[in-house]
Amino acid sequence: MKLLATSLGAWDTIEAGQRHRHGSTFPLAILAAVLAECGYPAPECWEGDVRPAGRGRDYDLLLVSVMDSRHFWRLPPWLREIGCPVRATDRGDADPIVVVGGQAATAPAPIEPFADIVYVGEAEAHVPDLMRTLESARGAGRSRTRTLEAVAAIPGCLVPTHRPAGHVVQQVYADDIGTTLRERLSVNHRAIHRVEIARGCKSRCGFCALGWRAPYRENSATDIEAALRSTREAGIREVHLSAGDAEGHSEIVQLRSAVAALGLRDHGWTGRLDTVRDCSVSAGKQFAFGLEGASWRLRRAIGKPRLTDDFVIAAVAEYWQSGGRRLMLHLIGGLPTETDTDGAALADLLDRLAYAAGGVGERIHIQIGRQPFGPLPHTPMQWFAPGLSTERIGRAIARHVGGASLAAVDKAGQGVPAALLNAIVMRGGPEVSSLVEAGPPRLPRDPRFARAAAASWLRGAGLNPDHYWGAWDPDAPTPWDHVRSAHSPAMLRRQWGRIRDLLLGT
């Protein structure tokens, strides 16, 4: 079978403004390795700098990894560009089968009409079964309809044209996450071995999918060290210890020691300041810590209670004093109940960080990323209203951009127009499919006018803007009720209530 894979240009949202040359994204690299272990050819890649010459009917399968719901908007244009009918019902036996997977596939309603198969889960779990079923059907000359009927019986496979009423698809997970230990994966044009040390997250912050959409699993330090030795013997000097929260790995200190002993450089980013046990200051290592809430009040409510201002100051100052310099703090704007008081608390925290930087004896550069809050499906905060704006955080950062002791780099991320459109597909059901197919409007960049323009567009389509940009009743159905993730809706509702009470101070 001939395969083509894409992440729909995800690199421009992973590393916006960067000029690195990239090939496949990490999820597609994992997919290719899983296929290779099953004896299937690696897919051609339509990603980064690569644009294959083939057209739709040159391929048997189009494999689409959707890393974020905002990329739903890109699926119909990409299908047109590759020369594949956009709607699944318009495809015949000679057209490729379109398989959509990835993180956003747990809430697939907006793009279900464009997918023959939605694969909900991790590639290692049932992609081999999917491939064997498709290959068998192709060899037997079965029709498209009969092929998809067979696929619908595979765990994790949602076939929109063959889904009985009331049928729920359970997200599937891998028992073995050692693919990157057996296969040397790199996602750019430099020889950096990306080693997955853990998957999921132990902490389960209310806003984050990492701990809510998958169980936490680790590769052992012994197995990881063996892969690192093999990497060093191959002459590769750079690695990326990859995990949603690398610092939370139960053997992270041992792993950092192994990297140093082998003479390797770890370029991997990490996730949580409140779990860090070994802030390595080796050359090339960058730490990206999720501070998230502008104030401790918000951080405590969403799942980061250890991140008091004093804790953050002490931990970051210790990193600087130890020689560490490459640091990024990530913040979420527009969290529920956020006010100007929370923005002022962040400004005070950054002032204190600037004071701590002044004691180092040199000008300290720090990146501060900010994104608007998105109520991700299958998380406890899915019922809160989207944040849409990071304006308060931006004002706090602005006073330190180019500062004398702390020189902040403001990585503003998603603006209001993009956040408005993302909320529509993040929370949308089948009713937004026609909008996705037609494409979004060009919204004014000025936030004051963007929301009004987007609201007018939705009303023109007979839709209520408040449904996408307002808070939801946690007892009402969601557009992703036909997909079940790692935790039950009842558990999510209980956690939603706990977060709500903390935010409201009740």
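Residues numbered from 1 in each chain as written. Predicted model: local features only at pLDDT ≥ 70, side-chain atom pairs only at ≥ 80, totals over all residues. Heavy atoms only, no water.

Topic: the overall build of the protein chain
At step 1: The helix and strand tally for the protein chain stands at 17 helices and 17 strands.
At step 2: Here the protein chain holds 506 residues, and 54% of them are scored as buried.
At step 3: Long-range pairs, those at least 24 residues apart, make up 75% of the contacts in the protein chain between residues at least 6 apart in sequence.
At step 4: Surface exposure of the protein chain reaches about 20600 Å², of which carbon and sulfur atoms provide 51%.
At step 5: A gap of 3 Å separates the mean positions of the 59 positive and 55 negative side-chain charges of the protein chain. (Helix = DSSP H or I, 4+ residues; strand = E, 2+ residues; numbered from the N terminus. Buried < 20%, exposed > 50% of the residue type's maximum accessible area, 1.4 Å probe, protein only. Contact = heavy atoms within 4.5 Å. Areas by Shrake-Rupley, 256 points an atom, 1.4 Å probe, with all protein chains shown as cover. Lys, Arg positive; Asp, Glu negative; His and termini not counted. Charge placed at Lys NZ, Arg CZ, Asp CG, Glu CD.)

Here's the deal with the sheet that holds strand E15 (residues 364-372)
Sheets are built from strands paired through backbone hydrogen bonds, the pairs being either parallel or antiparallel.
At step 1: With parallel pairing, the four strands of this open sheet are ordered in space as E13-E14-E15-E16. Edge positions in the sheet fall to strand E13 (287-292) and strand E16 (406-411), since each of these pairs with one other strand and no more. The mean inter-strand angle of the sheet, taken between neighbouring strand axes irrespective of direction, is 25°.
At step 2: Two elements, E13 and strand E14 (residues 327-333), share five bridges in a ladder whose sense is parallel. Opposite Glu-292, over in E14, you have Leu-331 as the bridge partner.
At step 3: Contacts from helix H10 (residues 309-321) reach E13, E14, E15 and E16, with the element oriented near 155° to E14.
At step 4: Those strands touched by helix H11 (residues 340-358) are E13, E14, E15 and E16, and its axis lies near 140° from that of E16. (Pairing = 2+ DSSP bridges. Axes fitted to C-alpha atoms, helices over the stretch in contact; angles between N-to-C directions.)

Some remarks on the sheet that holds strand E12 (residues 265-266)
At step 1: Here three strands make up an open sheet; going across it, the order is E8-E11-E12 and the pairing parallel. Strand pairing shows two members of the sheet lacking a second neighbour, strand E8 (192-196) and E12, which therefore form its edges.
At step 2: Relative to strand E11 (residues 238-242), E8 runs parallel, the two sharing five bridges. When the sheet's bridge partners are listed, Arg-194 is paired in E11 with His-240.

Considerations on the nonpolar core
At step 1: By size, the foremost hydrophobic cluster in this structure holds 46 residues, and its most contacted members are Leu-62, Trp-78, Leu-79 and Trp-469.
At step 2: Of all the elements in the fold, those that place two or more residues in this core are strand E3 (61-65), helix H3 (75-82), strand E4 (97-101), helix H13 (416-426), helix H14 (433-438), helix H15 (447-460) and helix H16 (465-469).
At step 3: Residue contributions to this core peak at seven residues, all from H13.
At step 4: In this view, Trp-78 contacts Leu-4, Thr-6, Leu-8, Trp-46, Leu-62 and Val-64; residues no more than four positions away in its chain are not counted.
At step 5: By size, the runner-up hydrophobic cluster in this structure holds 33 residues, among which are Phe-287, Leu-349, Ala-354 and Ile-364. (Core = buried A, V, L, I, M, F, W, Y, C linked by side-chain atoms within 4.5 Å.)

A closer look at the packing of aromatic side chains
At step 1: All chains considered together, the criterion is met by seven aromatic pairs.
At step 2: When the ring of Trp-73 is compared with that of Trp-457, the centres are 6.1 Å apart and the planes differ by 45°; the resulting orientation is tilted. With Trp-73 in the loop between E3 and H3 and Trp-457 in helix H15, this pair connects stretches of sequence that are 384 residues apart.
At step 3: Put simply, the rings of Phe-287, Phe-289 and Tyr-319 pair up and form one aromatic cluster.
At step 4: Its end group placed over the ring of Trp-472, Arg-427 keeps NZ or CZ at 4.1 Å from the ring centre. (Phe/Tyr/Trp six-rings, centres within 6.5 Å; stacked < 30°, edge-to-face > 60°. Lys NZ or Arg CZ within 6 Å of the ring centre and 35° of its normal.)

A few points about unusual backbone geometry
At step 1: Look at Leu-8: it is not a glycine, yet its phi comes out positive at around 60°.
At step 2: Locating Leu-8 in the fold gives a position in the loop between strand E1 (3-6) and helix H1 (11-14).
At step 3: The exposure class of Leu-8 is buried, given its relative accessible area of 5%.
At step 4: Despite not being glycine, His-378 shows a phi value in the positive range, around 65°.
At step 5: Position of His-378 among the secondary structure elements: in the loop between E15 and helix H12 (391-398).
At step 6: On the basis of relative accessibility, which here comes to 6%, the residue His-378 falls in the buried class.

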